[in-house]
Amino acid sequence: MVKQSISVDPRKTPPGPRGYPLIGNLPKMLQNPLQFLTDVAQKYGEVVNLGAMGSQQLYLVTHPDSVKYILHENNHNYVKGQNFQIIKQIIGEGLAVKEGDSWRRERRLMQPTFHRQRVGALVNLMNESIAQMLQNWGNIESGKPLDIFAQMMNLTQTILLKSLLSIDSHEQIHEMNQVWDTAYEYLSSQLWAVFRLPLWVPTPKNRRFVRSMTKLDNIVYRIIRERRSCDNTPDDLLSMLMDAYDSESGSGLTDEQLRDEIMTIFTGGFETSAAVLAWTWYLLSQHPEIEGKLHEELDCVLGGRTPTLEDLPNLQYTKMVLSESMRLYPGAWVFTRTNLQADEIGGYYIPANSLIMLSPYVTHRLSAFWENPQDFNPERFTREEVAARPRYAYYPFGGGQRQCIGEIFAMTEMQLVIAMVAQQYRLHLMPGHPVEEEPMFTLRPRYGIQMTLDARSSINNVPLLDERKALST
Ligand code: HEM
């Protein structure tokens, strides 16, 4: 139920910097979004009025309690922000932009596909792709730098395409890669645009985008058609989606819905994980003591062997490293909501149909909830520390009913990547390489991350965990 009445005086509006008519503070924000949002949160507090964005009023909300209120407690009053509707140009009516009953039905249908057990069955496939990448790395001339972000993009895209569509030919992966680059360029340029040229206006960017989308559509529809006409289907996520049946409505997904959901999973399912992994390698390279502790865990739990699904709960420190990396560099650095009715947030009046920015990046660095927030410190994610913090001081995967459906997939994949790579290599940042955040659709490293590989040699001498336990008793 949408909360019907609010008691706050409509004149009690949140503070914020003065802006221009129609475009509010957008020009300032777009110059350096992360700095701008961090600064205004610090200066004006937990709810900031950022002025107009077209016909809507734009706000930034950062306090964990208010984030919880929007995503969880009063989520019936909130729909996905209107600016994110641009993503429909790629995913059509996919899960990430659906609302109401049609969202509920689709989520019910798709949820089992991303269940822990189902994702667990993908561990071998993930490991094979990581092993293949490591084999390629073995052929690289010593000291030659690699762009680790590009490597992680290639890896997570390969894993996703194999898991989702059983695509594993290099040509097809390369083709999808190129299509994604064009889609990303378009998405990023349109996300915060107040005025948008319709796609039929033949600008070079529009034409490139339309061509890429047609190509992607052709590939995806061809795969769906082939699956429908074949009895012997591969065991992948698409097959699960095709078999999904909703007992309440008595139906499954049509070809068009399948196309939209494939595009949704493709759009949300690899770029974010690749960015998080790239930032993690960067952070580890800057903190040898933390890297050392990670190696200790890996050597102790795995003793040089390939991780299995059963190992993952024992790789606690690996998970803490990833969690801390996502605190500092949350792949989804911002997302938005629009409120259906006027609401009270943090004691302020928010008029109906506002555009509300929720930024994990800003909340994750609030000094009221994080001591020395700029420091990289995985110990913040011990069970006790997590329990002592408000739930929404940390929300890299969002929250409430729209929480990321791919969280288990992403965490499993990322833990395996860190475990397998760090067992074999230390990654060093190339001296002088600039590392800068680029907050576009996801939080990318602007110039990639150039790193060199340094093979670790001692792991084969490390006793297995059981042997260690025996030695210590
Ligand atoms: C580190 C990796 C990832 C991060 C940081 C991330 C982050 C997020 C966030 C913050 C949301 C909520 C957005 C909102 O409430 O507006 C979300 C939703 C979603 N994510 Fe992820 N995600 C990741 C990986 C994945 C993967 C691997 C998949 C699929 C394989 C995926 C599929 C989706 C989908 C379909 C939604 C929409 C869910 C709905 O609206 O019901 N994500 N993700």
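Please read all numbers here as calculations on a predicted model, not as lab measurements.

1. Digging into the overall build of the protein chain
If you tally the helices and strands in the protein chain, you get 19 helices and 12 strands. For the protein chain, whose C-alpha radius of gyration is 23 Å, the value lies close to the compact-globule estimate of 23 Å for 473 residues. When its C-alpha atoms are laid out on the principal axes, the protein chain stretches across 70 × 55 × 45 Å. Here the protein chain holds 473 residues, and the buried ones make up 54% of them. Within the protein chain, contacts between residues at least 6 apart in sequence are counted, and of these 75% link residues at least 24 apart. Summed over its atoms, the accessible surface of the protein chain is roughly 21200 Å², and 50% of this surface lies on carbon and sulfur atoms.

2. Focus on the coordination of the iron atom of the ligand
Just one protein atom donates to the iron atom of the ligand; it is Cys404 (SG), sitting 2.3 Å from the metal. One can find Cys404 in the loop between helix H17 (383–387) and helix H18 (407–424).

3. What to know about unusual backbone geometry
A positive phi angle, close to 60 degrees, is found at Asn353, a residue other than glycine. Under the relative-accessibility criterion, Asn353 is labelled partly exposed at 38%. A positive phi angle, near 45 degrees, is found at Asn372, a position not held by glycine. Relative to the elements of secondary structure, Asn372 occurs in the loop between helix H16 (360–363) and H17.

4. Some details on the sheet that holds strand E12 (residues 450–455)
Across the sheet, which stays open at both edges, the 3 strands sit in the order E4-E12-E9 with antiparallel pairing between neighbours. Two strands in the sheet have a free side with no partner beyond their single neighbour: strand E4 (146–147) and strand E9 (425–429). Sheet analysis places E4 next to E12, joined by 2 bridges and oriented antiparallel. What sits directly across from Leu146, in E12, is Met451. The strands that H18 touches are E9 and E12; relative to E9, the one it contacts most, it runs at about 90 degrees.

5. Quick look at the site of the ligand
Close contacts around the ligand come from 26 residues, with Trp103, Arg107, Arg337, Arg402 and Cys404 the closest. The contact in question runs from an oxygen atom of the ligand to an N or O atom on the side chain of Trp103, over 2.8 Å. Put simply, the parts of the chain that give the shell around the ligand at least two residues each are helix H5 (100–110), helix H12 (255–268), helix H13 (271–286), strand E5 (335–339) and H18. Residue composition of the shell around the ligand, grouped by class: 15 nonpolar, 7 polar and 4 charged.

6. Focus: the pattern of salt bridges
Enumeration according to the criterion identifies 24 salt bridges in this entry. Taken together, the shared-partner salt bridges connect Lys98, Arg105 and Glu106 into one network.

7. Thoughts on the sheet that holds strand E1 (residues 47–53)
Adjacent strands of a sheet form backbone hydrogen bonds with each other and so pair up, either parallel or antiparallel. Read from one edge of the open sheet, 5 strands run E1-E2-E8-E5-E3, paired in mixed fashion. One side of each edge strand has no neighbouring strand; the edge strands of this open sheet are E1 and strand E3 (78–80). Neighbour to neighbour, the strand axes of the sheet diverge by 30 degrees on average, direction disregarded. Bridge count between strand E2 (residues 56–61) and strand E8 (residues 355–358): 4 bridges; the pairing is parallel. Within E8, the residue paired with Leu58 across the bridge is Leu355. Packing against the sheet, helix H2 (residues 33–44) makes contact with E1, E2 and E8, and its axis sits at approximately 125 degrees to E1. Of the strands in this sheet, E2, E3, E5 and E8 touch helix H3 (residues 64–73), which is tilted by about 120 degrees from E8.

8. Focus: H18
With 18 residues, H18 extends 26 Å between its outermost C-alpha atoms, agreeing within 8% with the 26 Å of an ideal straight helix rising 1.5 Å per residue. Most of H18 is tucked away, with 15 of its 18 residues classed as buried.

9. Side note on the nonpolar core
Formed by 143 residues in total, the largest nonpolar core has its most connected members in Trp137 and Trp281. Considering every element that reaches this core, the biggest residue donor is H18, with 11 residues. Dropping the residues within four chain positions of it, Trp281 is found in contact with Ile148, Met152, Val417, Ile418, Val421, Ala422, Leu427 and Met451.

10. Thoughts on helix H9 (residues 170–190)
When the terminal C-alpha atoms of H9 are compared, their 30 Å separation across 21 residues agrees well with the 30 Å that a helix rising 1.5 Å per residue should span. If you check which residues of H9 are buried, you get Ile173, Met176, Asn177, Val179, Trp180, Thr182, Ala183, Tyr184, Tyr186, Leu187, Ser188 and Gln190. Of the surrounding secondary structure, the elements contacted by the buried residues of H9 are helix H4 (88–91), helix H8 (148–165), helix H10 (204–228), H12, H13 and strand E11 (443–445).

11. Regarding the packing of H9 against H10
One way to put it is that H9 packs onto H10 with a least axis distance of 9 Å and a crossing angle of 135 degrees. Taken together, the axis directions place H9 and H10 in an arrangement best described as oblique. Where H9 crosses over H10, the two elements pack in a sense that is left-handed. Taken together, the residues of H10 that come into contact with H9 (itself represented by Gln172, Glu175, Met176, Val179, Thr182, Ala183, Glu185, Tyr186 and Ser189) are Lys205, Asn206, Arg208, Phe209, Ser212, Met213, Lys215, Leu216, Ile219 and Arg222.

What counts and what doesn't
- Residue positions are given per chain, counted from 1 along the sequence in the order it is written.
- At least 70 in pLDDT is required for a residue's local features to be given in this predicted model, at least 80 for side-chain atom pairs to be given and counted, and no such filter applies to totals for whole chains, interfaces and linings, which use all residues.
- Side-chain metrics in this entry use all non-hydrogen atoms of the structure; hydrogen atoms and water are not considered.
- Numbering of helices and strands runs from the N terminus; a helix is a DSSP stretch of H or I covering at least four residues, while a strand is a stretch of E covering at least two.
- Radius of gyration: over C-alpha atoms. The globule rule applied is 2.2 Å multiplied by the number of residues raised to the 0.38 power.
- The buried label goes to any residue with under 20% of its type's maximum accessible area, the exposed label to any with over 50%, and the partly exposed label to all in between, with areas taken from a 1.4 Å probe on protein chains only.
- In what follows, a contact means two residues having at least one pair of non-hydrogen atoms within 4.5 Å.
- The Shrake-Rupley method, run with a 1.4 Å probe sphere, supplies the accessible areas, and residue values consider only the shown protein chains as cover.
- A donor here means any N, O or S atom no more than 2.8 Å from the metal (3.2 Å for Na, K and Ca); water is not included, so a site may seem to lack partners.
- Pairing between strands is defined by DSSP: at least two bridges between the two strands are required.
- Fitted lines through C-alpha atoms give the axes, limited to the stretch in contact for helices. The angle between two N-to-C directions lies from 0 to 180 degrees.
- Working definition: residue near molecule or strand if any one of its non-hydrogen atoms lies within 4 Å of it.
- Each polar contact in these results corresponds to two N or O atoms within 3.5 Å; when the atoms are within protein, one needs to be able to donate a hydrogen and the other to accept it, and residues that are neighboring in sequence are counted only if both atoms are side-chain atoms.
- Just so you know the grouping, Ala, Val, Leu, Ile, Met, Phe, Trp, Tyr, Cys and Pro go in nonpolar, Asp, Glu, Lys and Arg go in charged, and all remaining residues, Gly too, go in polar.
- What counts as a salt bridge is simple: a side-chain nitrogen of Lys or Arg found within 4 Å of a carboxyl oxygen of Asp or Glu.
- Given a helix with a known number of residues, its expected span is that number minus one, times 1.5 Å.
- Side-chain atoms within 4.5 Å are what join buried Ala, Val, Leu, Ile, Met, Phe, Trp, Tyr and Cys residues into a set we call a nonpolar core.
- The cut-offs work like this: below 35 degrees is roughly parallel, past 145 is roughly antiparallel, 65 to 115 is roughly perpendicular, and the gaps in between are oblique.
- By definition, any crossing whose near helix is turned counterclockwise from its far helix by less than a right angle is left-handed, and any crossing with a clockwise turn is right-handed.

Shape descriptors only; they carry no functional weight alone.
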